[in-house]
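# Coordinates in review
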Amino acid sequence: MKLKSNTLRRAIRFALASAATTSLLTTTVMAEEADQTKAKTDEKVEKIAVVGSRAAPRSVGESPVPIDIIGAEDMSKAAGSDMLELLKGSVPSLNVHANPISDAATLVRPANLRGLPADSTLILLNGKRRHRSSVIAFLGGGINDGAQGPDISVIPSIALKQVEVLRDGAAAQYGSDAIAGVMNFVLKDASEGGSFSIRQGEYYEGDGDTTVIEGNVGLPFTDDGFANLSFQYKEADATSRSVQRPDAAAYIGAGVEGVGDPAQIWGAPEIKDDISIFGNIGVDVTDNARFYMFGNYSERDVKGGFYYRNPQTRPGVYSNDGGETLLVGDLDGVGVGIECPVVNLTDRNVANIPAYQLIAADTELGRNCFAFNEILPGGFTPNFGGNITDTSLTIGVEGEFKDGFLEGGFWDLSGSVGRNESRYFITNTVNASLGADTPMDFSPGKYIQLEKNFNFDVSKGYDFDLAYDVNVAAGLEWHEETFEVLSGDEASFIAGPLTEQGFGIGSNGFPGFKPSAAGEYTRRNYAAYVDIETPFTEDFMMGWALRYEDYDSFGSTTNFKITGQYHVTEDFSVRGSISTGFRAPTVGQANVSNVQTNLSSGVLVDSALLPPTNPVSEQLGGTELTPEESESYTLGAVYRSGDLFITLDYYNIEVTDRLSQSEKIVLSDADKEALKAAGVPNVDNLAQVSFFTNDFDTTTQGIDLVGNYSMDMLGGYATFSAAYNWNETEVDRFSAITGDFKVSRLENDLPKHRGTLTWAQQWDNFSGFVRMNYFGEYQGVHVDYDATAKTADATITFDAELTYFATDSISLSVGANNIFDQDAEELDFFDATGIPNNNWGGKYYETSPYGINGGFYYVKATYTF
């Protein structure tokens, strides 16, 4: 597309003004869409994508960096209601894992763009930085261990005009977190019309019943503005893809009461009262300035399964010697009054053991001696969950300079605040140190993430007698990030009277945050940038960006980016970029401490996460965190001929001093004494310690291939879309506190090959699509245990939907994801004797890239006005 005519220049300026809230480069993409009545049409509809740089609009084919644009109609072509599920079908380099039994990672699902962790992708809303979640993924499935990214799932698809995915490092333009790329969620801005829909579905297994009610309405806001409002309400039942644990089955066989079947659940969590409200407002305040405001309120309750507590082996509750003897509490004190008998665990049913019968009897001895088998004879399985509340508000004014040196240029001044709160709860568990007086439900505390941003940006085109104006943009940013820990209810952390007798302190599975662990941690930084685009000829353009950022905690960093594109012919061009980047450790990662239950070599243990500057962490190799640094380059080609459009891009991203959670380090007696001195609770029951560390370097490389073609077919209009991604990560440097198995997870857990092929067909009264999803081989892992690892087979799944347009306003849809109910890879690891070993009740490898729940079908009704 040539940019020489005055008419087109005026169109460019208008597009810049309309998108100035983003203060970023606008690019255009031509896409075939139907009108709202779904009548056949081959009109070209222009979309504006706000990613890449800060210059004039150009088509995606004209962009020097790879960009995906997913329109509102594309996002509706999926059964899921979670934004991450909607996107991964359209962006093959985006991987999303469900994380059953993974502490906080169950509450906010992490996503991986180009094989990097969730917090290596910058998230924007209407072009403004989105605050991160308060949830830190302590058990993030290897690649996301310790990640703290924004909560994308709160954004309802009905609120969006489109999503723009910049698949290129962009820290020099946008700052921290943009190592893998940028995702910009653009809210609808219509001043009239709208839609309401209701969707109901469930998995083929008959569980996971999901209801989604959503709506959008555009309203005029005075004569010169709009108010666009959206809401979504969702509820989803839990799923179970589990088998009975062998130990639980043995207890049932022995007549032990209260053992669940299955005792431990692997599946999707239960989601209740999930509501999101988004608003987007804009109004012209003068001929040269426009006021804008947008934000959200979102809240949901999530509850998932946890590990089963065996009634004869669980340390701190039932036995402290591996199941040799029962843990018995002497209520009047050891060596005082009545002495409690030793109960040797010689029978799976303790009720059959004479010494236990003495304890359980309503006698003076029985009332003085206590074992948890008396109130929980079959063991117990905690339920872990949380209430997640997310709010944000951005207010700004943008306009055009009418005189002076910047006459004809554009400016944007904005401020934003975002807050995410996670209030944890754990039920059906005990504070063992309280004995029989323990409650069963606990509120262990809260994490709160609060972020504030102020931005001022300007841009103007200058005539240097090149092909068209040289665009010069510059800006300032101030950012404050606060992470706050609030203590839990007293019962969740208190050391009860049985502490000295070996009973565990705090709510078992997730002890509460003590008042001494509570606190507020804040960091501020400011940045300045300049961004220039130089069109040397009509066929050759280059872009240059430089950003300086200063943090009050660890100093400053300067990063650059250079991009270029050359049109070899009218239809074929080559493009590329080279850049440096960084990702600052979050305030939460630098200061958080936690105690969690996890499996280590197949054994359930308690592990403490400590700040890296804690004396115990330093003793084990921890140091103060520093930013990750990256160097990346891309090289690609674009071909367009008529209705055929193809892009091919190679990328290479080197990240040094990558930040993650260390390997869990086994504690020595000396370490435990140091932990006690530091005030860590329940030390005697802790087996391991971990901390955040900059401890390894990686190189990630890959190829993105995207193609689209449209044609008249079968009496209607057909669009074919294909996308393929090859992605490979190699760990170049690591130390012992990273560990060989973690290296294997980083390199092999995600499939190296992913692809989609979609056929969308449209007639006068019907439309539909069929999508094939290809997932290459990946490393199957269960319970983060190296003995379970295997190479899982490549798999193909299919999605499909058919929509009938009953009237101009009413449409009815039926569809399914994974329509042929392709199962995930089944667990098939063995113990040393060759016997199948599934001690944890799972059925499928939890690293399955398409989940473990199988096929999901749904129906949907939509009213458009």
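Our subject is the structure listed above.
Residues numbered from 1 in each chain as written. Predicted model: local features only at pLDDT ≥ 70, side-chain atom pairs only at ≥ 80, totals over all residues. Heavy atoms only, no water.

Moving on to the pattern of salt bridges. Under the criterion given, the structure shown has 38 salt bridges. Between Asp68 and Arg167 there is a salt bridge whose closest N-O contact spans 2.6 Å. Of this pair, Asp68 sits in strand E3 (residues 67–71) while Arg167 sits in the loop between strand E8 (160–166) and helix H4 (171–174), and the two are 99 residues apart along the sequence. An identical accessibility class is assigned to Asp68 and Arg167; each is buried. The closest approach of N and O atoms between Arg583 and Asp119, which form a salt bridge, is 3.2 Å. Of the two residues, Arg583 is situated in strand E24 (residues 572–583) and Asp119 in the loop between strand E5 (111–113) and strand E6 (121–125); the sequence distance between them amounts to 464 residues. For the pair formed by Arg583 and Asp119, the shared burial category is buried. Each of the salt bridges in this network shares a partner with another, and the network as a whole consists of Arg129, Arg132, Asp177, Glu451, Glu477, Glu481, Arg523, Arg547 and Glu549. (Salt bridge = Lys/Arg side-chain N within 4 Å of Asp/Glu carboxyl O. Helix = DSSP H or I, 4+ residues; strand = E, 2+ residues; numbered from the N terminus. Buried < 20%, exposed > 50% of the residue type's maximum accessible area, 1.4 Å probe, protein only.)

What follows concerns the sheet that holds strand E7 (residues 128–129). With respect to topology, five strands assemble into an open sheet ordered E3-E8-E9-E6-E7, the strand pairing being mixed. Strand pairing shows two members of the sheet lacking a second neighbour, E3 and E7, which therefore form its edges. Relative to strand E9 (residues 181–187), E6 runs parallel, the two being bridged by five bridges. Among the inter-strand pairings, Thr121 is bridged to a residue of E9, identified as Gly181. (Pairing = 2+ DSSP bridges.)

Inspection of every chain in the model, using the stated rule, returns 33 aromatic pairs. For the pair Phe306 and Tyr307, a centre-to-centre distance of 6.0 Å together with 45° between the ring planes defines the contact as tilted. For Tyr307, a relative accessible area of 5% gives the class buried. Pairing Tyr447 with Phe513 gives two aromatic rings, centres 4.8 Å apart and planes at 15°, and the pair type is stacked. A residue pair is termed long-range when its members are at least 10 positions apart, and Tyr447 in strand E19 (residues 442–462) and Phe513 in the loop between strand E20 (470–487) and strand E21 (519–535) qualify at 66 residues. There is no split in this pair, since Tyr447 and Phe513 are both buried. Cluster of aromatic residues (ring-pair linked, three or more members): Trp266, Phe306, Tyr307, Phe384, Tyr424, Tyr447, Phe483, Phe510 and Phe513. Positioned above the aromatic ring of Tyr203, the side-chain terminus of Arg241 is 5.8 Å from the ring centre. (Phe/Tyr/Trp six-rings, centres within 6.5 Å; stacked < 30°, edge-to-face > 60°. Lys NZ or Arg CZ within 6 Å of the ring centre and 35° of its normal.)

It is worth spelling out the pairing of strand E34 (residues 778–782) at this point. Taken residue by residue, a regular strand's side chains alternate between the two faces of the sheet. Counting buried positions along E34 gives five out of five residues, so the element sits mostly inside the fold. In this structure, E34 lies alongside strand E35 (residues 785–792), joined through four bridges in antiparallel fashion. If you follow His782 over to E35, its bridge partner there is Tyr785. Two successive antiparallel strands, E34 and E35, enclose a turn made up of two residues, where Val783 displays a positive phi of approximately 50°.

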